[in-house]
Amino acid sequence: MKNTSLCLGICVLVSFFSCRPAAYDDRALYEAGVSETLAQFRKANYQDVHYELAFHLPESRHEAVMGEVILSFDLSEEQPVIIDFRADSGQIKSLTVNNQTVSYTFAQEHIVIDRNALRKGPNAVFLTFEASDQSLNRRDDYLYTLLVPDRARTLFPCFDQPDLKATYSLRLITPAGWEAVANSPTLNVIEDRATNERFYSFATSEPLSTYLFSFVAGRLRQEQFSRGDRRISIYHRETDPLKVAQCPAIAEEVFEALEWMEKYTAVPYPFAKYDVIILPGFQYGGMEHTGATLYNDRRMFLNAQPTLNERLSRSTLIAHETAHMWFGDYVTMQWFDDVWTKEIFANYFASRIVEPLFPEINHRLNFLCDYFPSAYSEDRTAGTNPIKQPLDNLSNAGLVYGQIIYNKSPIVLDMLVRKIGEEAFRKGIQTYLTTYAYGNARWEDLIAIWDALTTDDLDAWSRYWVHEKGMPVIDSPGDTIPNADGRGYGFYRLTPEQSNACFQRLHTSTDEVEKGAVLIILYENLMNQTVDPLRFRDELLTYIAHEPNSLLYALAIGYLANAQYYYHLPSAPAEQALWTIATTHANPAHRLQALRTYRTVADTPQAIARLYAIWENQQPPQGCALSENDYITLAYTLAIRLPERAEAIGATQRQRISNPDRLAAFDFAYPSVSPHRAVRDSVFASLLQAENRRIEPWASTALAHLNHTLRQEEAVGYIRPALEALTEVQRTGDIFFPTHWLRALLAGHLSAEAREEVEQFFAHHPAYHPMLTCKIRQQSDHLYRFIP
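Residues numbered from 1 in each chain as written. Predicted model: local features only at pLDDT ≥ 70, side-chain atom pairs only at ≥ 80, totals over all residues. Heavy atoms only, no water.

Comments concerning the overall build of the chain
At step 1: If you tally the helices and strands in the chain, you get 33 helices and 24 strands.
At step 2: In summary, the chain has a C-alpha radius of gyration of 27 Å against a globular reference of 28 Å for 788 residues, a match within 12%.
At step 3: Referenced to the eigenvectors of the C-alpha coordinate spread, the extents of the chain come out at roughly 80 × 65 × 60 Å.
At step 4: Among the 788 residues that make up the chain, the fraction classed as buried is 62%.
At step 5: The contacts of the chain with a sequence gap of at least 6 include a subset with a gap of at least 24, amounting to 72%.
At step 6: Side-chain charges of the chain comprise 72 positive and 96 negative groups, with the mean position of each set lying 2 Å from the other. (Helix = DSSP H or I, 4+ residues; strand = E, 2+ residues; numbered from the N terminus. Rg over C-alpha atoms; globule rule 2.2 N^0.38 Å. Buried < 20%, exposed > 50% of the residue type's maximum accessible area, 1.4 Å probe, protein only. Contact = heavy atoms within 4.5 Å. Lys, Arg positive; Asp, Glu negative; His and termini not counted. Charge placed at Lys NZ, Arg CZ, Asp CG, Glu CD.)

Overview of the side chain of Arg-693
At step 1: Relative to the assigned elements, Arg-693 resides in the loop between helix H25 (677-687) and helix H26 (696-706).
At step 2: Although buried, Arg-693 forms no salt bridge, and the nearest oppositely charged side chain, Glu-728, lies 5.0 Å from it. (Salt bridge = Lys/Arg side-chain N within 4 Å of Asp/Glu carboxyl O.)

Details of the packing of helix H17 (residues 533-544) against helix H19 (residues 572-584)
At step 1: One way to put it is that H17 packs onto H19 with a least axis distance of 10 Å and a crossing angle of 10 degrees. In terms of axis orientation, H17 runs roughly parallel to H19. Each of Arg-537, Leu-541 and Ile-544 in H17 lies in contact with H19, whose residues at this interface are Pro-573, Ala-574, Ala-577, Leu-578 and Ile-581.
At step 2: Here the contact of H17 with H19 is composed, by residue class, of seven nonpolar, no polar and one charged. (Axes fitted to C-alpha atoms, helices over the stretch in contact; angles between N-to-C directions. Parallel < 35°, antiparallel > 145°, perpendicular 65-115°, else oblique. Nonpolar A, V, L, I, M, F, W, Y, C, P; charged D, E, K, R; others polar.)

So, the pattern of salt bridges
Close approach of charged atoms allows side chains with opposite charge to pair.
At step 1: The full count for this structure, using the stated rule, is 51 salt bridges.
At step 2: The partner of Lys-388 in a salt bridge is Asp-338, and the shortest N-O contact between them spans 3.2 Å. Of this pair, Lys-388 sits in the loop between helix H10 (363-379) and helix H11 (403-420) while Asp-338 sits in the loop between strand E21 (331-333) and helix H9 (340-353), and the two are 50 residues apart along the sequence.
At step 3: Of the residues examined, Lys-388 reaches a relative accessible area of 12% and is grouped as buried.
At step 4: With a closest N to O distance of 3.1 Å, Arg-352 and Glu-422 form a salt bridge. Pair noted here: Arg-352 is in helix H9 and Glu-422 is in helix H12 (residues 422-435), with a separation of 70 residues, a long-range link.
At step 5: Relative accessible area serves as the criterion here: at 32%, Glu-422 is assigned to the partly exposed category.

A short note on helix H3 (residues 36-45)
Working note: α-helix, 3.6 residues per turn, so residues spaced by three or four point in the same direction.
At step 1: When H3 is considered as a whole, its buried residues turn out to be Leu-38, Ala-39, Phe-41, Arg-42 and Asn-45. The buried residues of H3 occupy an angular sector of 165 degrees when the element is viewed end-on, so they sit on one face.
At step 2: Of the surrounding secondary structure, the elements contacted by the buried residues of H3 are helix H2 (26-30), strand E2 (46-56), strand E3 (66-75), strand E4 (81-84) and strand E8 (110-113). (Arc of directions from axis to C-beta.)

Quick notes on the sheet that holds strand E12 (residues 179-182)
At step 1: With antiparallel pairing, the three strands of this open sheet are ordered in space as E10-E15-E12. Every interior strand has two partners, whereas the edge strands, strand E10 (142-144) and E12, have only one. On average, adjacent strands in this sheet sit at an angle of 5 degrees to one another, irrespective of strand direction.
At step 2: As paired elements, E10 and strand E15 (residues 215-218) share three bridges and run antiparallel to each other. (Pairing = 2+ DSSP bridges.)

Details of the pairing of strand E13 (residues 186-192)
At step 1: Taken together, the six bridges between E13 and strand E14 (residues 197-202) define a ladder with antiparallel strand orientation. Residue pairing in the sheet places Asn-188 in a bridge with Ser-201 of E14.
At step 2: What sits between E13 and E14 in their antiparallel hairpin is a turn of four residues, with Asn-196 showing a positive phi close to 60 degrees.

Things to note about the packing of aromatic side chains
At step 1: Taken as a whole and assessed by the stated rule, the structure comprises 61 aromatic pairs.
At step 2: Between Phe-73 and Phe-159 the ring centres are 5.6 Å apart and the planes differ by 75 degrees, which places this aromatic pair in the edge-to-face class. Here Phe-73 is found in strand E3, whereas its partner Phe-159 is found in the loop between helix H4 (152-155) and strand E11 (166-175), with 86 residues between them in sequence.
At step 3: Classification of Phe-159 as buried rests on a relative accessible area of 0%.
At step 4: For the pair Tyr-348 and Phe-425, a centre-to-centre distance of 5.7 Å together with 70 degrees between the ring planes defines the contact as edge-to-face. (Phe/Tyr/Trp six-rings, centres within 6.5 Å; stacked < 30°, edge-to-face > 60°.)

Describing the environment of Ala-28
At step 1: Locating Ala-28 in the fold gives a position in helix H2.
At step 2: Separated by 413 residues in sequence, Ala-28 and Ala-441 place their C-alpha atoms 23 Å apart.
At step 3: Among all residues touching Ala-28, those that are not within four sequence positions of it are Ser-35 and Thr-37.

Quick word on the layout of surface pockets
At step 1: If you add up the space inside the second largest pocket, you get close to 610 Å³.
At step 2: What lines the second largest pocket is a set of 26 residues, among which Asp-133, Gln-134, Ala-690, Glu-691 and Thr-732 lie closest to the centre.
At step 3: With four residues, the top contributor of residues to the lining of the second largest pocket is helix H29 (residues 726-732).
At step 4: Split by residue class, the lining of the second largest pocket holds four nonpolar, eight polar and 14 charged. (1 Å grid on protein atoms, 1.4 Å probe; cavity = no way out; pocket = protein on both sides within 12 Å on 5 of 7 lines; lining within 4 Å. Points joined across faces, edges and corners; volume = space filled by probe spheres on them.)

Some words on the nonpolar core
At step 1: Within the largest apolar cluster, 271 residues are counted, with the highest numbers of intra-cluster contacts made by Tyr-51, Phe-55, Phe-156, Phe-215, Phe-349, Phe-425 and Trp-450.
At step 2: Residues within four places of Phe-55 in sequence aside, it is in contact with Val-65, Met-66, Gly-67, Phe-129, Leu-155, Phe-156, Leu-170, Arg-171, Leu-172, Ile-173, Phe-213 and Phe-215. (Core = buried A, V, L, I, M, F, W, Y, C linked by side-chain atoms within 4.5 Å.)

Notes on the pairing of strand E9 (residues 121-130)
At step 1: Pairing between E3 and E9: ten bridges, direction antiparallel. When the sheet's bridge partners are listed, Leu-71 is paired in E9 with Val-125.
At step 2: Inspection of the sheet shows strand E5 (residues 92-97) paired to E9 by five bridges, in the antiparallel sense. Within E9, the position partnered with Leu-95 by the bridge is Leu-127.

Regarding helix H31 (residues 752-764)
At step 1: Over its 13 residues, H31 runs 18 Å from end to end, which matches the ideal 18 Å to within 8%, given 1.5 Å per residue.
At step 2: Burial in H31 covers these residues: Ala-754, Arg-755, Val-758, Phe-761 and Phe-762. Buried residues in H31, looked at end-on, bunch into an arc of 115 degrees, giving them a common side. Facing away from the buried side of H31 by more than 90 degrees, the exposed set consists of Glu-753 and Ala-763.
At step 3: Looking at the buried positions of H31, the neighbouring elements they touch are helix H28 (719-724), helix H30 (737-746), helix H32 (770-779) and helix H33 (781-785). (Expected span 1.5 Å × (residues − 1).)

Interpretation note: all reported values are geometric properties and have no functional meaning in isolation.
Written out as structure tokens, the structure is:
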């Protein structure tokens, strides 16, 4: 067997073939990652792909996970086969082709087999290998795969691109006592008492893209639910009985979402099962693996008295991931430049699915509050990007994710629905799903379907809203309030007369949507410094005391906290108003939100003393039901605010935490609030090592503590090293982590010195990756907007 080392590179790959593929650029074909050129070559030549996979999962996370795969496929003609595997050469243990030992080259993250070892028609490559840990998310007694967008190749050798869908069969060997869940139903489970192991085998899956392949294994509890002929299981690790008691409600919302999507699309649920796995420390809100959908525990298990926003957030998340079963899983984008096409439908339909679940709320207002503020938060920055971004290699696919594709795109889709009408929209959706069932499509394919159902020029409309970045700036004459119906998208620059009219309508209007639109317009003008910040703060303090609508209240109180922070406003008036609401408001959820915001803005000795008394005695104001996570967050805040008590606060809080997963998270993060700079420096140094960023929410929390605004003078020295590490953070982390890393690093800084660190970084990297540049510009926007 020939095994050429990684260092030989592209030139070896090119010379290795007896005949290179025609009409493809060699350098792009064999470069590291998965280039679009490689993806197009494989799509044109490889068909009928099937993976027969097996993994041995040891009990200790320090032992390697071993695997084997039979990769079957048809070749349209004799061609070299290029298999993706991001690993070291020593992780390939054996390789045969059609039961014959053959030579191969391993370089640039690819296993390359010469055409002479293959044949036209069916072929089978058998490999044994050591899996990399990067996407296995291993904990002491459980693990889960997370392979989006291009991480399947870190787990097993594969064709890691979305448009080479394949079927999968899977076997797992786990420690005894571990549950295992995968995309497909379990066929059988065998206990081996001699080896103290379990052997799982799973049915063959429907056609899936590699990023959707998934399994979870570990010490999990299983709850089973049914409605009619449909059954789902919920797996979790929660120990709080009050949270576990929420599982039936979660299951009911899954059933509701499935039935809504089936009715709207006229396509029955297209996969064999739908199970839910709720995991502590999960990187995302959820991930739409067919048959094994993953959710974050803090998003799913709510506090004893959840706010309306928290309840809506959970319901919307469930609806979002369920909508993905049709949009993303059943029909998948051809290339990740169109990843937004699955997110646009997941968010748009999620908003519609929750409507019958919350008949008491104004859903037009909910749509406004859900999507516009988040979309504007990136679209107003120098780092904004179009909804559809060019992408040459899947190694950069994670960088296309952001607020633009998640939150601007549903706004744009809503425009389209109003443009072509509900009937044409729905008919086009149904045609799209049946035309590309279990396949792949581009945005242009869907636009063509809708184009045939309308006289409007949808291509021109799409070019403007989908392919161009930024938003229009709109100036309106007179004192009329612009965009009062909340339908438009852009920066509506206010005149002084219009600002006065907006503040007046905020207090007098009975139209909830108008008040939401006014709040958003005023805030965007605050961010663009065309509204006086002190007046904005004082008007909102008056407003939130009397606003009964929980959606408007939550939007306003968040804007209030931001105004307080960005403009360094005196804290006493905000503290007094928020404390009054927290102790007297008739709505307990409003009290709780006021108390949480009070914690955020508290700066005076009196306010800090109040917070300490609440934490020490575990006695919040009446009607404010604080959760364990609330008290943990409060402990972090107090340790920073009261450095002389930090050690005692940490010891006491640690004794109060009973859940082992939450205790592990606390132990990881608490050193980052140490009063000793040497300790904090050591925490920062540890975060520069990929192994210590394995659990990304923990790493983000620690980095944010290190860069807390009270410590920004000392922490400014962290900015350059953390920016220098960004490419490695992106390479080793999951899709949202570069943004979370940057936000944790920069959000607590409001100084010219911090801005200078960013500028010096760019000066030393004039050709820095443009997509990462955009991420930095987005998260450093406040340093340019509010610092003279």
